[in-house]
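Residue-level structural notes
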There are 2 protein chains.
Amino acid sequence: MKRPTIADIARRAGVSKGAVSYALNGQPGVSEATRQRIVAIAQEIGFNPNSAARALSGASARAVGLTLCRPARMLSIEPFFMGLISGFESELAARSYALTLQVVATPELEVEVYRRWWGERRIDGVIVTDLRENDVRIQVLQQLQLPAVVIGGPGDTGRIAQIWSDDAGAITETVRYLVALGHRRIARVSGLPDLLHTQTRTRAFHEVCASLGLNEAVTVPSDYTGEEGGRATRRLLIGNDRPTAIIYDNDVMAVAGLAVAQEMGLAVPGDLSIVAWDDSPLCSLVHPPLTALTRDIAEYGAHAARELLAAIDGKQVGNVEAGAAHLTPRGSTAPPRQPGSAAPAQPEP
Amino acid sequence: MKRPTIADIARRAGVSKGAVSYALNGQPGVSEATRQRIVAIAQEIGFNPNSAARALSGASARAVGLTLCRPARMLSIEPFFMGLISGFESELAARSYALTLQVVATPELEVEVYRRWWGERRIDGVIVTDLRENDVRIQVLQQLQLPAVVIGGPGDTGRIAQIWSDDAGAITETVRYLVALGHRRIARVSGLPDLLHTQTRTRAFHEVCASLGLNEAVTVPSDYTGEEGGRATRRLLIGNDRPTAIIYDNDVMAVAGLAVAQEMGLAVPGDLSIVAWDDSPLCSLVHPPLTALTRDIAEYGAHAARELLAAIDGKQVGNVEAGAAHLTPRGSTAPPRQPGSAAPAQPEP
DNA sequence: CTCCACCACTTATCCGGTTCAGTGAATTCT
DNA sequence: AGAATTCACTGAACCGGATAAGTGGTGGAG
């Protein structure tokens, strides 16, 4: 079954290809009567303009690209990326832009994908996640003049737009909250240490701990997976001066940490309080439900998509701050049980 | 910065556009020396063939489409889809096919997306998930003659290739295992009831239960979300003849069910055994870790992508069975505690 | 009544590849 | 040696739209 072209419409309407093009694109140059006739025929035969032909005559590809540079096993469990993708989609679909996805192994391969996509005119712009320090991708994007939006700062992205949330503020708020509950030994299990937002969080965490006189604050680097998060937790909890509260850089590690604590016979939140960064249904599913730093990830993604579309349209976009994460207290945080004091009544079996 | 075209290469090499095209595509018609000279120039100036121009001259778009028809909040937590996407990618990237993604609200919108993509020549084929009974999408795909692979059968897909795993066998194995442990009252919390694979599982579940003389077998329909899964579990557990084992159609609901059981003071696995369909890191993260029906979802996706690429190449592909899920016993299943007998020692706090 | 502006189109060109039908020169065959 | 074939390449058409330039007819202004 041959797919119809404007030539088919032109033949049936008894006009030229050019007239059809004008009519379908709402350009002046055809009478209203003719336009309606042409539109009706296009409807009837189910015409869709060939995107390749359009793109070839100078129009944009009407697609944006996203590369994901994490191992498959991390992607499948992390609710973050799917949330982000849903957010992108909500904006892109409304303007009928397609989203092209590629999973890559390394940042170097990622820039290769950018080069290829851009060279092939396959996409009009890209969304970059997981900003690193002196990120190779930034230079390449600038050099290619490929419209882009970077998520995961704040960082130095030159002329490229970025969108970030105030992670430093969020972690400061969290530490203050835990200290207010009475915690003095607070630890943190972080995400991949070479990501810029991990560094931002780490810096802010240690600053606020120092300012509050918490000298034992420690950050254990991890990689967002449950296994690593569990291992890191075990390492933290076997020490003599074990922390009474742990902040995790994502929900998956927090859930894993919870399981480790329970397996070691520690009561949560009595013996150990837990805070997860990024709230997902996961956090409310487990028992006790986890106190979390909630962000609207889909909205974050939608915001990024809007910025990217603006950049593609040639508008100047800069450094945008999205809504910061805010603390959602649930059952996993409480004042620490005093050593030697009786265990508070637990609703657990 | 203007992106280079074959005309640029032709000028620099002192040959015609046609010669460059032959050289870069490994076609006969140029001498080996010239070919190498042309390839070197292409390398040097960073040439990538414009995919639109290629697609326009009859070549394929080198992209496949995937639509996801589930609400965003389900997508973000379900590890299934990300696993599937990772699997697709591993095959597609190897043959440098792009994956185009779209989140849609309804199956009707989904067929609109197919029509548009195909009409625009944006994609060469699609992967269809969540097969339903008398699925509208099947007819449309056949009518459009759009190459496709359907996941989520087995079902009637006419000439369209499908790939499925033996869910009936897997659930039969699971029930037999639970019965062997001593369970007699087994319930099931299912996924969306209008999905074909849900119906397959339900039918098989009730058949095996009947054949084993389990007359109280009940399936509670749900929707894959944690909230619904938790609610369904609560409903099952408040009855007088509460089940001693529950099988969940996905991991998210199983984790939610676990939380509900613990919150109601039931010991898992002593009072209630839990089996999750689809093993994800989630299942081993919680405490106790969940017995699960393990499938290699990424491999499932990779397999589907291979079939689709074969279909795009015009090869006849039919009805392919992928590896079935197999039971991975973990801590959440055990013989049911006899009513009145002493509770076995629990390692929990 | 003439000239010009305007409308509603048509014609032609372009985008950047692919591909087919030549073309001249070198090589092979008879 | 002359004809036939092969080789290495050129020129042009083509894919399906967008768009600039051109065309004939109409209406109003001068």
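Residues numbered from 1 in each chain as written. Chains lettered and ligands numbered in written order. Predicted model: local features only at pLDDT ≥ 70, side-chain atom pairs only at ≥ 80, totals over all residues. Heavy atoms only, no water.

So, about the relation of the copies chain A and chain B. Placing chain A over chain B gives an RMSD of 0.1 Å and needs a rotation angle of 180 degrees, together with 0.0 Å of translation along the axis. Here the transformation between the copies is reduced to the relation of a two-fold axis. Looking at the interface residues of chain A, 98% of them are also at the interface in chain B, so both copies use one shared face. (Least-squares fit on C-alpha atoms with pLDDT ≥ 70 in both. Contact = heavy atoms within 4.5 Å.)

So, on to the UniProt feature "domain: HTH lacI-type" (unreviewed entry) in chain A. In this structure's numbering, the residues bearing the UniProt feature "domain: HTH lacI-type" (unreviewed entry) are residues 4-58 of chain A. Overall, residues 4-58 of chain A shows 65% helix and 0% strand. The separation of its end C-alpha atoms is 21 Å. (UniProt positions renumbered as here; feature names shortened; annotations may be inferred. Helix = DSSP H or I, 4+ residues; strand = E, 2+ residues; numbered from the N terminus.)

So, about the domain arrangement of chain A. In many analyses, interface size is given as the accessible surface area lost on bringing the parts together. Here chain A is described as being made up of domain 1 (6-49) and domain 2 (167-296). Relative to domain 2 of chain A, the C-alpha centre of domain 1 of chain A lies at a distance of 61 Å. (Domains from an automatic or database assignment.)

The environment of DNA strand D is formed by 28 residues, the closest being A:Ile6, A:Ser21, B:Ser16, B:Ser31 and B:Thr34. Sugar and phosphate atoms form 52% of the subset of DNA strand D atoms that lie within 4 Å of the protein. A distance of 2.9 Å separates a phosphate oxygen of DNA strand D from a polar side-chain atom of A:Asn25. The side chain of B:Thr34 places a nitrogen or oxygen atom 2.7 Å from a phosphate oxygen of DNA strand D. Elements represented by at least two residues in the surface near DNA strand D include exactly α2 (17-24) and α4 (51-56) of chain A together with α2 (17-24) of chain B. Top element by residues in the surface near DNA strand D is α2(A). It accounts for four residues. The class makeup of the residues in the surface near DNA strand D is 12 nonpolar, 13 polar and three charged. (Near = heavy atom within 4 Å. Polar contact = N/O pair within 3.5 Å; in protein donor to acceptor, adjacent residues only side chain to side chain. Nonpolar A, V, L, I, M, F, W, Y, C, P; charged D, E, K, R; others polar.)

One pass over the structure, following the stated rule, counts two aromatic pairs over all chains. Taken together, a centroid distance of 5.5 Å and an interplanar angle of 80 degrees make the contact between B:Phe80 and B:Phe81 edge-to-face. Note on accessibility: B:Phe80 and B:Phe81 belong to one class, buried. The ring of B:Trp118 carries A:Arg3 above its face, with NZ or CZ at 3.7 Å from the centroid. (Phe/Tyr/Trp six-rings, centres within 6.5 Å; stacked < 30°, edge-to-face > 60°. Buried < 20%, exposed > 50% of the residue type's maximum accessible area, 1.4 Å probe, protein only. Lys NZ or Arg CZ within 6 Å of the ring centre and 35° of its normal.)

Contacts between the two partners involve 59 residues from chain A and, on the opposite side, 59 residues from chain B. Buried area between chain A and chain B, both sides added, is near 5,500 Å², and the carbon and sulfur share of it is 61%. Considering only the surface of chain A that becomes buried against chain B, A:Arg3, A:Met82 and A:Leu285 emerge as the three largest contributors, covering 14% of it. Taken together, the links from chain A to chain B amount to zero salt bridges. Taken together, the links from chain A to chain B amount to 12 residue pairs in polar contact (both at pLDDT 80 or more). Looking at the side of chain A that touches chain B, the element that brings in the most residues is helix α6 (residues 79-94) of chain A, giving eight residues. (Buried area = accessible area lost by both parts, 1.4 Å probe. Salt bridge = Lys/Arg side-chain N within 4 Å of Asp/Glu carboxyl O.)

A complete count under the given rule lists 44 salt bridges over all chains for this structure. With its nearest N and O atoms 3.5 Å apart, the salt bridge here joins A:Glu263 to A:Arg234. With a gap of 29 residues between them, A:Glu263 in helix α12 (residues 251-263) and A:Arg234 in helix α11 (residues 226-238) connect regions that are remote in the sequence. Where B:Asp279 meets B:Arg330, a salt bridge forms, and the shortest distance between an N and an O atom there is 2.7 Å. Of this pair, B:Asp279 sits in the loop between β9 (273-277) and α13 (281-285) while B:Arg330 sits in the segment after β12 (326-328), and the two are 51 residues apart along the sequence. Linked through salt bridges whose partners overlap, the residues forming this network are A:Asp167, A:Arg188, A:Arg201 and A:Asp249.

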